[in-house]
Amino acid sequence: MLLSINQKAVLTLLADAQCHSGTEIADKIGISQSAIFNQLKKLSELGLVYTTVTDRGYQLATTLQLLSQSAIEKKLTEEARHLIAELEIHDVLDSTNRYLMDKAQKTKKNSVVCFAEYQSAGKGRGGREWISPFGSNIYLSILWRFQQGVRAINGLSLAVGVAVVRTLKDCGIKGIGLKWPNDIICDKKKLAGILIEASGESDGSCHTIIGLGLNFYLPKQQAQHITQEWVDLNSIISGDASPLRNQFCSMLLNQLMPLIANFERDAFKHYVDEWREYDTMQGDEAVIYQGKKKYNGIIKGIDDDGLLLLMKEQGGLITFASGEVSFRQT
Ligand code: BTN
């Protein structure tokens, strides 16, 4: 689905988060005041937050920088640009991961990058929904075909976490760390998550969808059903992160594309030390949930293959290839 030209024009006018009167918008765009009302109502159904200021007009809750293909491409490194076969930006998708999963069946192309402004059915780990309101966060998926099968991409999601932390650090954002297996967190609250979906042979070729969701500005109304503790960039920097959006996407791709392209050669061992540097869980008391099973203990970091190490309460070290970690309240 595409936004209409009028919807985009209204958004462009309101993007500065200042108050604009209905008359001003109507004059500039050439549509009626009731059409403006209807356009904004449709956008609010996609999660856009604005207020109607009595007798004054409309005002967005935060500034808006819509994703722009040219702005993102402009700041790509030579290397990243060469590694991307196709870059797509969609206004509305059900899920960027699902979209590329379908596309992978229909095309032989490798290295397709897809962003969306809004996801109606964003997919999170463990079957959860990834809340994806319009225009304020990053929803990114990358289709990449690996030659040596799913076994060769063990640890890829952890390595992708390293690339995301690097990007945030390069933007000057402090206090960011990792929570196994692949949450990007700040102050024990989730800022971003990674969902990798792979399909193919264990040792033949396989196609992979590498999905990342990162909160720039997550309106409280939208987030009320999120069960995990979460945070967005606006609150981390106590300001407005949206002017960074396109630049952030380029910086992210500059980190991610070479990492993905070289992963079969480098493997997770190339990133394990850096992952440990960003690890925020080492020494914490935690509960690991694996299906219906539950393990209490102290986190001892990860092994060289990215498996989680837990010292059980009753003694003995166990490793986990998957599971959900929950910190114990002390
Ligand atoms: C998690 O639960 O931690 C993983 C969240 C991954 C969300 C991203 S948003 C872009 C991509 N498309 C999806 O449907 N999911 C991933």
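Preceding block: the structure.
A few points on the structure. (Residues numbered from 1 in each chain as written. Predicted model: local features only at pLDDT ≥ 70, side-chain atom pairs only at ≥ 80, totals over all residues. Heavy atoms only, no water.)

1. Things to note about the pairing of strand S3 (residues 86-93)
Residues in a regular strand point their side chains to alternate faces of the sheet.
Phase 1: Most of S3 sits out of view: 7 of its 8 residues are buried.
Phase 2: Examined bridge by bridge, S3 and strand S4 (residues 112-119) share 7 bridges and lie parallel to one another. Residue pairing in the sheet places Leu93 in a bridge with Gln119 of S4.
Phase 3: For the crossover from S3 across helix H6 (residues 96-106) to S4, the handedness is right-handed. (Buried < 20%, exposed > 50% of the residue type's maximum accessible area, 1.4 Å probe, protein only. Helix = DSSP H or I, 4+ residues; strand = E, 2+ residues; numbered from the N terminus. Pairing = 2+ DSSP bridges. Right-handed = clockwise from strand over helix to strand, strands pointing away.)

2. What to know about the state of the cysteines
Phase 1: For the structure shown, the criterion picks out 0 disulfides.
Phase 2: Lacking any disulfide linkage, Cys114 is separated from the closest cysteine sulfur, that of Cys249, by 12 Å.
Phase 3: Looking at Cys186, it has no disulfide partner, and the nearest cysteine sulfur is the one in Cys171, 14 Å off. (Disulfide = S-S within 2.5 Å.)

3. A look at the pattern of salt bridges
Phase 1: Taken as a whole and assessed by the stated rule, the structure comprises 18 salt bridges.
Phase 2: With a shortest N-O distance of 3.0 Å, Glu86 and Lys103 are connected by a salt bridge. In this pair, Glu86 is assigned in strand S3 and Lys103 in helix H6, connecting sequence segments 17 residues apart. Grouping residues by exposure puts Glu86 and Lys103 together as buried.
Phase 3: The partner of Lys103 in a salt bridge is Glu88, with the nearest N and O atoms 2.5 Å apart. In this pair, Lys103 is assigned in helix H6 and Glu88 in strand S3, connecting sequence segments 15 residues apart.
Phase 4: When salt bridges with common partners are traced through the structure, they connect Glu86, Glu88, Lys103 and Lys109 into a single cluster. (Salt bridge = Lys/Arg side-chain N within 4 Å of Asp/Glu carboxyl O.)

4. A short note on the sheet that holds strand S12 (residues 308-312)
Phase 1: Strand order in the open sheet formed by 5 strands is S13-S12-S11-S10-S14, with antiparallel pairing between adjacent strands. With one partner strand each, in any of the chains shown, strand S13 (317-320) and strand S14 (324-327) form the two edges of the open sheet. Recorded for the sheet is a direction-independent mean angle of 45° between the axes of neighbouring strands.
Phase 2: Bridging between strand S10 (residues 285-290) and S14 involves 4 bridges; their strand directions are antiparallel. Paired with Ile288 across the bridge in S14 is Val325. (Axes fitted to C-alpha atoms, helices over the stretch in contact; angles between N-to-C directions.)

5. Overview of the side chain of Gln255
Phase 1: Relative to the helices and strands, Gln255 is located in helix H10 (residues 245-261).
Phase 2: Discounting chain neighbours no more than four positions away, the residues touching Gln255 are Ala163, Arg166, Thr167 and Asp170. (Contact = heavy atoms within 4.5 Å.)

6. As for the nonpolar core
Phase 1: By size, the foremost hydrophobic cluster in this structure holds 64 residues, and its most contacted members are Phe115, Leu140, Leu168, Ile184, Leu214 and Leu253.
Phase 2: Tallying contributions element by element places helix H7 (residues 156-170) first for this core, with 9 residues.
Phase 3: Leaving out residues up to four positions away in the same chain, Leu253 has contacts with Ile72, Leu76, Ala80, Ile84, Leu87, Val113, Phe115, Leu140, Ile142 and Pro258.
Phase 4: Counting 21 residues, the second-largest nonpolar core is a separate cluster that includes Leu14, Ala26, Ile36 and Phe134. (Core = buried A, V, L, I, M, F, W, Y, C linked by side-chain atoms within 4.5 Å.)

7. Quick notes on the site of the ligand
Phase 1: Close contacts around the ligand come from 20 residues, with Ser95, Thr96, Lys123, Arg125 and Lys190 the closest.
Phase 2: Side-chain polar atom of Ser95 to an oxygen atom of the ligand: 2.7 Å apart, as the coordinates give it.
Phase 3: Interatomic distance of 2.7 Å between a backbone N/O atom of Arg125 and an oxygen atom of the ligand.
Phase 4: A total of 410 Å² of accessible area belongs to the ligand in isolation, and the protein chains cover 99% of it.
Phase 5: Secondary structure elements with two or more residues in the shell around the ligand: H6, strand S5 (138-146), strand S8 (189-200) and strand S9 (206-214).
Phase 6: Residue contributions to the shell around the ligand peak at 4 residues, all from S8. (Near = heavy atom within 4 Å. Polar contact = N/O pair within 3.5 Å; in protein donor to acceptor, adjacent residues only side chain to side chain. Areas by Shrake-Rupley, 256 points an atom, 1.4 Å probe, with all protein chains shown as cover.)

8. Let's talk about the environment of Lys42
Phase 1: Positionally, Lys42 belongs in helix H3 (residues 33-45).
Phase 2: Lys42 gets classed as partly exposed once you look at its relative accessible area, which sits at 48%.

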